[in-house]
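Structural overview for review
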Amino acid sequence: MAHRRRSDQEWLEIFQQYENSSLNQREFCRQNQLSPSTFFSKRRSLELTRGNSTSGFVRAEVVEKTTHYQVTSSSTENMMLCINDVELSIPQGTPADYLAELIRALSS
């Protein structure tokens, strides 16, 4: 089944619907028959081209089962996530629900 190409405006409307929903990204994509990877990459692409910096990032570091947060200034640098002996560089603009799932998976 071929999927039609959406305009940036159509994607912006889809992202607004997602923000207004109470669904996580995976469930929203499933219910709307969207590829999660396309959803994420298009969202990231539009945020970068529009210079969208609506949400800041918080640096999280797990130390002895305690999480410390450090607010970093808004920039184009990647966010570093350190859990146990794993250190990940994550692009800014990564959806919060994806990060929460990633942290849960790495903490198990």
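Look above for the structure.
I will try to describe carefully the structure that is included in this document.

**Looking at the side chain of T94**
Residue position: T94 is located in the loop between β4 (86-90) and α4 (96-107). Here P91 takes part through its backbone oxygen, which lies 2.5 Å from a polar atom of the side chain of T94.

**Considerations on the pattern of salt bridges**
Pairing is possible between side chains that carry opposite charge, provided their charged atoms lie close to one another. Tallied over the full model, the rule gives four salt bridges. Taking the shortest distance from any N to any O, the salt bridge between E19 and R43 comes out at 2.2 Å. Of this pair, E19 sits in helix α1 (residues 8-20) while R43 is found in helix α3 (residues 36-50), placing the two residues 24 residues apart along the sequence. We classify R43 as buried; its relative accessible area is 13%. Ionic pairing is found between R30 and E27, a salt bridge with its closest N-O pair at 2.5 Å. Of this pair, R30 and E27 both sit in helix α2 (residues 25-31), three residues apart, which is roughly one turn of that helix.

**So, α4**
In this model, α4 (twelve residues) spans 16 Å end to end at C-alpha, consistent with the 16 Å of a helix rising 1.5 Å per residue. Within the span of α4, buried status applies to D97, L99 and L102.

What counts and what doesn't
- Each chain has its residues counted from 1, running along the sequence as written.
- Note on the predicted model: pLDDT of at least 70 is required for a residue's local features to be given, and 80 or more for side-chain atom pairs to be given and counted; whole-chain, interface and lining totals, by contrast, use all residues.
- Side-chain numbers come from the whole structure's heavy atoms, not from hydrogens or water.
- Helix and strand labels come from DSSP, where a helix needs a run of H or I of at least four residues and a strand needs a run of E of at least two; each type is numbered from the N terminus.
- By the criterion applied in these results, polar contacts are pairs of N or O atoms within 3.5 Å in which, for protein atoms, one can donate a hydrogen and the other can accept it, and in which residues neighboring in sequence qualify only through two side-chain atoms.
- A pair is scored as a salt bridge if a Lys or Arg side-chain nitrogen falls within 4 Å of a carboxyl oxygen belonging to Asp or Glu.
- The buried label applies to any residue whose accessible area, calculated with a 1.4 Å probe on protein chains only, is under 20% of its type's maximum; exposed applies above 50%, and partly exposed to all values in between.
- One less than the residue count of a helix, multiplied by 1.5 Å, gives the span that helix is expected to have.

Remember that the coordinates give geometry; whether it matters functionally is a separate question.
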